[in-house]
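Chain by chain, the residues:
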Amino acid sequence: MSDFVWNDICSRNDTCGLTGAAAFFGGIPGAGVLVNGPVWCYYYALRYLEHADMAMPQRMSVSQPDNNAVVFGAEKFLLETLRQMQQDGFHPDLLLVENSCSMSLIGDDLQGIIQKAALPFPVVTMDSGGLGGGFAEGYAKASLALLEQSHLEKLPVRRGCINVLGLTPFYYNGQADAKEILRLLADCGYQVNAVPGCGSGAASLKELSRAELNVVIHAELGMPLARALQDRFGTPYLCAGAPYGIEGTLAWLQKIRNALPCTMDEPLREARETLAWLTDWSNELSLNWGSPWFESVVVSAPGTTAVCLADTVRMEWLDTGKLVVQCQNDVTLYGLHSSQADTELIAGRDDARAAQMFRYLDNALLLGSSNESALTDRRRNRIAVCNIAFPVKDEALLVSVPFCGLQGARHMAQRIWNAYIQGILRQDGTCGSI
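Quick caveat: nothing in here was measured; it's all calculated off a predicted structure. (Residues numbered from 1 in each chain as written. Predicted model: local features only at pLDDT ≥ 70, side-chain atom pairs only at ≥ 80, totals over all residues. Heavy atoms only, no water.)

1. Here's the deal with the confidence of the model for the chain
Working step 1: Per-residue confidence for the chain averages 92 on the pLDDT scale, and 94% of its residues sit at or above 70.
Working step 2: Predicted confidence is poor over residues 1-11, with pLDDT under 50, and the contacts of this stretch with residues over four places away or in other chains come to 27 contacts.
Working step 3: The model gives residues 427-434 a pLDDT under 50, and that stretch makes 30 contacts with residues more than four places away or in other chains. (pLDDT = per-residue confidence, 0-100. Contact = heavy atoms within 4.5 Å.)

2. Things to note about the environment of Leu 119
Working step 1: Take Leu 119: it is sitting in the loop between helix H7 (110-117) and strand S4 (123-127).
Working step 2: Linking Leu 119 and Gly 408, residues 289 residues apart in sequence, is a C-alpha distance of 44 Å. (Helix = DSSP H or I, 4+ residues; strand = E, 2+ residues; numbered from the N terminus.)

3. Focus: the sheet that holds strand S12 (residues 364-368)
Backbone hydrogen bonds hold the strands of a sheet together, and the pairing may be parallel or antiparallel.
Working step 1: Taken together, five strands build an open sheet; the order of strands is S11-S10-S9-S12-S13 and the sheet is parallel. Two strands close off the open sheet at either side, each with one partner strand: strand S11 (343-346) and strand S13 (383-387). Taking each pair of neighbouring strands and ignoring which way they run, the sheet shows an average axis angle of 20 degrees.
Working step 2: When strand S10 (residues 319-327) meets S11, the two strands line up parallel, connected through four bridges. Residue pairing across strands places Val 325 opposite Glu 344, the latter belonging to S11.
Working step 3: Most of the contacts of helix H14 (residues 303-317) go to S10, to which it runs at about 175 degrees, and overall it touches strand S9 (293-301), S10 and S12.
Working step 4: With respect to the sheet, helix H15 (residues 351-359) is in contact with S9, S10, S11 and S12, its orientation differing from that of S11 by roughly 125 degrees. (Pairing = 2+ DSSP bridges. Axes fitted to C-alpha atoms, helices over the stretch in contact; angles between N-to-C directions.)

4. Looking at unusual backbone geometry
Apart from glycine, the bulk of residues carry a negative phi angle, and the bulk of peptide bonds sit in the trans form.
Working step 1: Residue Pro 391 is bonded to the preceding Phe 390 through a cis peptide linkage, with omega at 0 degrees.
Working step 2: Notably, Asn 173 is not glycine yet its phi reads approximately 65 degrees, a positive angle.

5. Details of the sheet that holds strand S1 (residues 31-36)
Working step 1: In spatial order, the strands read S2-S1-S3-S4; together these four strands make up an open sheet with parallel pairing. Taken across any chain shown, the strands that pair with only one partner, and hence form the sheet edges, are strand S2 (60-62) and S4. Taken over all neighbouring pairs, the strand axes of this sheet differ in orientation by 20 degrees on average, direction set aside.
Working step 2: Of the pairings in the sheet, the one linking strand S3 (residues 94-99) to S4 comprises five bridges and is parallel in character. Within S4, the position partnered with Val 97 by the bridge is Thr 125.
Working step 3: Packing of helix H5 (residues 75-87) onto the sheet brings it into contact with S1, S2 and S3, and relative to S1 it is tilted by some 150 degrees.

6. Description of the pattern of salt bridges
Working step 1: Scanning the model with the defined rule gives 15 salt bridges in all.
Working step 2: Glu 270 is the partner of Arg 183 in a salt bridge, and the nearest nitrogen-oxygen pair spans 2.9 Å. Of this pair, Arg 183 sits in helix H9 (residues 174-187) while Glu 270 sits in helix H13 (residues 265-289); the two residues are 87 residues apart in sequence, bridging distant segments of the chain.
Working step 3: Its relative accessible area of 12% is what places Glu 270 among the buried residues.
Working step 4: One connected set of salt bridges, linked through shared partners, spans Glu 180, Arg 183, Asp 187 and Glu 270. (Salt bridge = Lys/Arg side-chain N within 4 Å of Asp/Glu carboxyl O. Buried < 20%, exposed > 50% of the residue type's maximum accessible area, 1.4 Å probe, protein only.)

Structure follows, in structure tokens:
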């Protein structure tokens, strides 16, 4: 994070830590968020979160301290906002009170202020300004703040019970991917105890210590909490990554099975059916259009998504001359890396190399966001685009279909085939977004 600058975080490669922290609590049903900071920070975070949950404005508030608060503190603004929230009938199961960048410099005793407010619901407080990192850092820091301030007790372990860490509905298509991942785990016979930040309520989070294993999906989001739970309760963890494709999904399930035995009969049956279906359709399409091939494929997304999806691109989905992975965060810190990529870039660190690559990209498939798409010359070069990460400005995703898992294997094959076909049909050399 030390090599990043504010502009990278807030406008180009990522969103700020305040947004990530709000996303973690936004993924807890019945939880609320109070931003102690200016309206600009509030609306910046809210705009991002609304892409996944249009009800966030009903769960998120802002204290709006004036300029004098930088000198005299924001206590009166916080207390007044909390009073108004209760007067308006807002009584969350759990509330996050987080400082913005400027408010973090003041040094207010947030916990002391909350105690003075004598609220009838539990509250977690933290500093989460963008100067401390991007979305992933804020999300992870919020999960640790919840663990530290909830005073959880060690409870008896339930056999075959797992926690799933590092999922969020606030990644692009995150809700559908989470649903598919949990479906696959249930088909294997696992009992999912809690999914912090992605569907589990405050009551479920009190029983995090009951899990026999913590399974981490997106390392940049879930690994800090997994390590903290191991230190506190002795719960082992597995950094499984995100499952893409048929072979990739089965390998992902086998990795979890090696750590905690289960049955894979149902996923194996579904995988055989999916493979037969995709093979028939691919053969039919190949007769008319040939095998999908691009001179280059670029995958640009949050770290775990980028690494895991890129490996599946080359191993299962299509042929390509060159495969480039650009990660929004450095997941090699957690042992994740691409085994198939020819080039690996980190956004914010390798921007000069990335800009040069995008400038001359031709006959390529871009799996990324609108940020990367804007860097390509799609009017002159043959660039096909499949959006897999925020921000997205040129596509509406209104149907809940996953990118991950066995159901996602069909969906992603469809998107890639359509991108390839449109590339052939466009005589002027430009391709649409699929």
